[in-house]
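What the coordinates show
One-letter residues, chain by chain:
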Amino acid sequence: MQRICTATKRRIAYSTLVIVVLAMTMTAGCTGIDRNPPKDGISVAVTIPPQAEMVREIGGDRVDVVVMVPPGSDPHTYEPEPALVAKAAKADLYVTIGTGLLPVEDALVARLKAMNPGLLVVDSSNGITYLYPSGENEGTGIGFLGEMPVEGNDRGPQSPDPHIWLSLRNAGIMAENTRDALIRADPAYENEYREHCDNYTSRLQDLDRRINATFSRSHPGMILVTHQAWDYFARDYHLDFVAIEKEGKEPTVKDLASFILLARSHGIRVVFSEAQESSREAETIAGEIGGTVRVLDPLAGDYLANMERVAEAFAEEV
Ligand SMILES: [Zn+2]
């Protein structure tokens, strides 16, 4: 009897030890070092590749990211494949660009909400001061997405310039909104998300300072681009951009002639076009001014590194 009791006690002690060791292993797993992607992580859908870098940097291995507009596609017109839409509908969170000029995003989010009413949708542009193509008003507050109120930036009566991510200062706000969205979707990891976000935003600020220093030194001239995507960038560094294509409209022959005159009178040697579009007009103008075309990618997935490349390219030519 005595023996049996001792054996039972030993078994209980052994079971307790196993439980304690297992608990310690699990705790170590949650706190970071050498952690594999957890099965209970969250799935986050975003519209464009630069946002994916943001979500991965802040979410770390807690997040699985679904990008709706793949690299090389034009977010102004792209329609995601049904399989990708189905995948995004299963996400825990959708972080939007939120600027309204991406009709693709508005329609997509409405569709995803219909498929998954529990999907948390957060506008990454919340708090960003919008620019408008005609240079008018601005606003922040509660926005509307069709009939469905969403928390976000009020677009006002006009459509704002959607290219908010091409400003590192806007990207800092987007990163903080993304952090807060991740915390709402996955509150147990708040500290981790805050720490990662601080790290990422300090890298954004560091690059912003370096680019600012470059352009403050060089007294840059006019920069000729095909697509009007760089107004936020121009605002940050007091640059003078002229776009060949305005609000998606192709230039007429007369427009092209005036751009050639403008380029000649400003000594412009380079026309910047974009990876997502035809560079036909850019080549026509470059040919006439004896210059060259340089292709940039405003949607590259390696966002921070790409912003540095873009800034260097502009700085070299102005
Ligand atoms: Zn664009």
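Here the residue numbers are simple positions, counted from 1 along each chain's written sequence. Restriction of local features to residues with pLDDT of at least 70 applies here, the model being predicted, together with a cutoff of 80 or more for giving and counting side-chain atom pairs; totals for whole chains, interfaces and linings are based on all residues.

So, the overall build of the protein chain
Counting from the N terminus, the helices are DSSP H or I runs at least four residues long and the strands are E runs at least two residues long. Looking only at helices and strands, the protein chain features 10 helices and 10 strands. Within the protein chain, the fraction of its 318 residues that count as buried is 37%. Here the contacts in the protein chain between residues at least 6 apart in sequence split such that 64% fall between residues at least 24 apart. Between the buried cut of 20 or more and the exposed cut of 12 or fewer other C-beta atoms within 10 Å of a residue's own C-beta lies the partly exposed class, and all C-beta atoms are placed from the backbone. We call two residues in contact when the distance between their C-beta atoms, placed using the backbone, is within 7 Å.

Regarding the confidence of the model for the protein chain
When pLDDT is averaged along the protein chain, the result is 83, and 79% of the positions lie at 70 or above. By mean pLDDT, the top-scoring element of the protein chain is helix α5 (residues 168-185) (98), and the lowest-scoring one is strand β5 (residues 142-145) (33). Across residues 1-37 the pLDDT falls below 50, and counting only partners more than four positions away or on other chains, this stretch makes 4 contacts in the model. In this model, residues 135-151 is a region of pLDDT below 50 whose contacts with residues beyond four sequence positions or in other chains number 34 contacts. The predictor reports its confidence for every residue as pLDDT, a score running from 0 up to 100.

Thoughts on unusual backbone geometry
If a residue is not glycine, its phi is most likely negative; likewise, a peptide bond is most likely trans. Non-glycine residue His-238 carries a positive phi angle of around 55°. Within the fold, His-238 resides in the loop between α7 (231-237) and β8 (240-245).

Remarks on the pairing of strand β2 (residues 63-67)
Residues in a regular strand point their side chains to alternate faces of the sheet. In this description, strands pair whenever DSSP reports at least two bridges between them. Both strand β1 (residues 42-46) and β2 contribute to a ladder of 5 bridges, which runs parallel. By the bridge assignment, Ile-42 is partnered in β2 with Val-63. Classification remark: right-handed applies to a crossover when, strands pointing away from the viewer, the course from the first strand over the helix to the second runs clockwise. Between β1 and its parallel partner β2, the chain crosses via helix α2 (residues 49-59), and the hand of that crossover is right-handed.

Thoughts on the sheet that holds strand β7 (residues 222-227)
With parallel pairing, the 4 strands of this open sheet are ordered in space as β8-β7-β9-β10. Whereas interior strands pair on both sides, the edge strands pair on one side only; in this sheet they are β8 and β10 (292-296). Geometrically, the sheet is characterised by an average inter-axis angle of 30° between neighbouring strands, direction not taken into account. Orientation is described by lines fitted to C-alpha atoms, with helices fitted over the stretch in contact, and by angles between N-to-C directions that extend from 0 to 180 degrees.

Digging into the environment of Ile-289
With respect to the helices, strands and loops of the structure, Ile-289 is situated in helix α9 (residues 280-289). For Ile-289, a count of 20 C-beta atoms within 10 Å translates into the label buried. Residues Ile-289 and Phe-259, spaced 30 residues apart in sequence, show a C-alpha to C-alpha distance of 10.0 Å.

So, the nonpolar core
Counting residues in hydrophobic clusters, the biggest one holds 71 residues, and the most contacted among them are Val-46 and Tyr-94. In terms of residues, this core owes the most to one element, α5, which gives 8 residues. Filtering out sequence-adjacent residues up to four positions away, Val-46 remains in contact with Gln-51, Ala-52, Val-55, Val-65, Val-67, Met-68 and Val-95. The nonpolar core criterion groups buried Ala, Val, Leu, Ile, Met, Phe, Trp, Tyr and Cys residues into a set whenever they are joined through C-beta atoms within 7 Å.

Digging into the sheet that holds strand β3 (residues 93-96)
Judged by pairing direction, the sheet is parallel, and its 4 strands sit side by side in the order β2-β1-β3-β4 without closing on themselves. Strands with a single pairing partner mark the edges of an open sheet, and in this sheet they are β2 and β4 (120-123). Mean inter-strand twist for the sheet, computed between neighbouring axes without regard to direction, equals 25°. Sheet strands touched by helix α4 (residues 103-115): β3 and β4. Its angle to β3, the strand with the most contacts, is close to 165°.

Looking at the packing of helix α8 (residues 253-265) against α9
Think of two packed helices as two axes; the pair is described by the angle between the axes and how far apart they sit. At a minimum axis distance of 10 Å, the contact between α8 and α9 shows a crossing angle of 45°. When the axis of α8 is compared with that of α9, the two are oblique. The handedness of the crossing between α8 and α9 is right-handed. Facing α8, whose interface residues are Leu-256, Phe-259, Ile-260, Ala-263 and Arg-264, α9 presents Glu-281, Thr-284, Ile-285, Glu-288 and Ile-289. Under this scheme an angle from 65 to 115 degrees is roughly perpendicular, one under 35 degrees roughly parallel, and one over 145 degrees roughly antiparallel; angles in between are oblique. In this scheme the handedness of a crossing depends on how the near helix is turned from the far one: anticlockwise by less than a right angle means left-handed, clockwise means right-handed.

Here we look at the environment of Val-310
Locating Val-310 in the fold gives a position in helix α10 (residues 303-317). Look at Val-310 and you get buried, because 20 C-beta atoms sit within 10 Å. Separated by 12 residues in sequence, Val-310 and Pro-298 place their C-alpha atoms 8.3 Å apart.

Some details on the pairing of β1
As judged from the 3 bridges shared by β1 and β3, these two strands associate in the parallel manner. In the sheet register, Val-46 faces β3, and the bridge partner there is Val-95.

Points about the packing of α2 against helix α6 (residues 190-218)
In the contact formed by α2 and α6, the axes pass within 7 Å of each other and the chain directions differ by 130°. In this view, α2 runs oblique relative to α6, as classed from their interaxial angle. For the pair formed by α2 and α6, the contact residues are Glu-57, Ile-58 and Gly-59 on the first element and Tyr-193, His-196, Cys-197 and Tyr-200 on the second. Polar here means any residue other than Ala, Val, Leu, Ile, Met, Phe, Trp, Tyr, Cys and Pro, which are nonpolar, and Asp, Glu, Lys and Arg, which are charged; Gly is therefore polar. Looking at the contact of α2 with α6, its residues break down into 4 nonpolar, 2 polar and 1 charged.

Considering α10
Helix length check: α10, at 15 residues, gives a terminal C-alpha distance of 21 Å against a target of 21 Å (1.5 Å per residue), a fit within 8%. Here α10 has its buried residues at Tyr-303, Met-307, Val-310, Ala-311 and Phe-314. An end-on view of α10 places all buried positions within 95° of arc, on one side of the element. Of the residues in α10, the exposed ones pointing more than 90 degrees away from the buried face are Ala-305, Glu-312 and Glu-316. Looking at the buried positions of α10, the neighbouring elements they touch are α2, α5, α6, β7 and β10. To estimate the expected span of a helix, subtract one from its residue number and multiply by 1.5 Å. Directions pointing from the helix axis toward each C-beta atom define the arc.

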